[in-house]
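Reading the structure
Here is what each chain is made of, one letter per residue.
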Amino acid sequence: MSQVELLESIHFHDLPVDGFGFSPEYPTSFRLDFATYVDERKDYDHWRIEFDHIERMTVDGFTVDDQSGFEVFSFNYSIGARFEGRFVLLTGSGRPELTITFTSKNYRIARLNG
């Protein structure tokens, strides 16, 4: 399965976030680790999506405390000469959402388990 097919096969909604990170060193990158539930196994697959050569990134509404829990609410993207994406992460009941908007040259997605 190609990277585009793999990306399109994942429904980015109500997905638990295992972690995310940003590296300011060249080439600037951003990664998001998340899980998808597999009904047949009654277990989760864990994934990582990485974006390399970030050309622009905006993060709105970032607040973390000991009550924070993150999940992917939505992920909208377009793939052309550049990858343009917008993640909206929920941060817990009654808490503000976190929005990450970016443009990158490359991306890759891979399952981390099995």
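Scroll up for the structure.
A brief report on the enclosed structure follows. None of these values were measured; they are calculated from a predicted model. (Residues numbered from 1 in each chain as written. Predicted model: local features only at pLDDT ≥ 70, side-chain atom pairs only at ≥ 80, totals over all residues. Heavy atoms only, no water.)

1. Let's talk about the pairing of strand S1 (residues 15-23)
Using the following cut-off: Note on pairing: two strands pair once DSSP finds at least 2 bridges between them. Segments assigned H or I by DSSP are reported as helices when at least four residues long, segments assigned E as strands when at least two residues long, and all are numbered from the N terminus.
With two bridges connecting them, S1 and strand S4 (residues 71-79) associate as antiparallel partners. In the strand pairing of S4, Pro16 is matched with Glu71. Of the pairings in the sheet, the one linking S1 to strand S2 (residues 29-38) comprises six bridges and is antiparallel in character. Opposite Phe20, over in S2, you have Leu32 as the bridge partner.

2. What to know about the pairing of strand S5 (residues 83-90)
Pairing of S4 with S5 involves eight bridges; the strand directions are antiparallel. Across the sheet, the residue bridging to Asn76 is Arg86, located in S5. Between the antiparallel neighbours S4 and S5 lie three residues. Alignment of S5 against strand S6 (residues 98-111), held across seven bridges, turns out to be antiparallel.

3. Quick look at the nonpolar core
This is how the line gets drawn: What is meant by a nonpolar core is a set of buried Ala, Val, Leu, Ile, Met, Phe, Trp, Tyr and Cys residues, joined one to another through side-chain atoms within 4.5 Å. Whether a residue is buried, partly exposed or exposed follows from its accessible area with a 1.4 Å probe, protein chains only, as a fraction of its type maximum: under 20%, in between, or over 50%, in that order. By the convention used here, residues are in contact when the closest approach between their heavy atoms is within 4.5 Å.
Counting residues in hydrophobic clusters, the biggest one holds 24 residues, and the most contacted among them are Phe12, Phe51 and Phe87. Looking at this core, the elements with two or more residues in it are helix H1 (3-9), S1, S2, strand S3 (43-60), S4, S5 and S6. With five residues, the top contributor of residues to this core is S6. Dropping the residues within four chain positions of it, Phe12 is found in contact with Leu7, Phe34, Val72, Phe73, Ser74, Phe75, Phe87 and Ile109.

4. Structural notes on the packing of aromatic side chains
Note the cut-off: Only centres within 6.5 Å qualify two rings of Phe, Tyr or Trp (six-membered ring in Trp) as a pair; their planes then separate them into stacked at under 30 degrees, edge-to-face at over 60, and tilted for everything else.
Following the criterion strictly, the structure yields 19 aromatic pairs and no others. With 5.3 Å between their ring centres and 55° between their planes, Phe12 and Phe34 make a pair best called tilted. Taken together, the positions of Phe12 in the loop between H1 and S1 and Phe34 in strand S2 put the pair 22 residues apart, joining distant regions of the chain. Each member of the pair Phe12 and Phe34 is classed as buried.

5. With respect to the sheet that holds S3
As a reminder, the rule being used: Axis lines are fitted through C-alpha atoms, for helices just across the contact stretch, and the angle between N-to-C directions can take any value from 0 to 180 degrees.
Spatially, six strands are ordered S1-S2-S3-S6-S5-S4 in a closed barrel, and the strand pairing comes out antiparallel. Strand-to-strand twist across the sheet, computed as the mean angle between neighbouring axes with direction ignored, equals 40°.

6. Some points on the side chain of Thr91
Our working definition: Here a polar contact is taken to be a pair of N or O atoms separated by no more than 3.5 Å, where protein atoms must pair a possible hydrogen donor with a possible acceptor and residues adjacent in sequence count only if both atoms sit in side chains.
Relative to the helices and strands, Thr91 resides in the loop between S5 and S6. Of note is the side chain of Thr91, whose polar atom sits 2.5 Å from the backbone oxygen of Pro96. Aside from chain neighbours lying at most four places away, what touches Thr91 is Ser68, Gly69, Phe70, Pro96 and Leu98.

7. Looking at a nonpolar patch on the surface
Selection criterion: Excluding any residue in a salt bridge, patches collect residues exceeding 30% relative accessible area, merging like charges within 9 Å and nonpolar Val, Leu, Ile, Met, Phe, Trp and Tyr side chains within 5 Å. Here the Shrake-Rupley method, with its probe set to 1.4 Å, supplies the accessible areas, and only the displayed protein chains count as covering residues. We define a salt bridge as a side-chain nitrogen of Lys or Arg found within 4 Å of a carboxyl oxygen belonging to Asp or Glu.
A grouping of Val59, Phe62 and Val64 is seen on the molecular surface, where their side chains present a nonpolar patch of about 280 Å² in accessible area. Looking at where Val59 falls in the secondary structure, it is placed in strand S3.

8. Details of unusual backbone geometry
Each neighbour pair has its own omega, and for Tyr26 with Pro27 the value is -5°, a cis peptide bond. Look at Asp14: it is not a glycine, yet its phi comes out positive at around 55°. Along the chain, the position of Asp14 falls in the loop between H1 and S1. You will see that Lys42, though not glycine, has its phi angle at about 50°, which is positive. Mapped onto the fold, Lys42 is located in the loop between S2 and S3.

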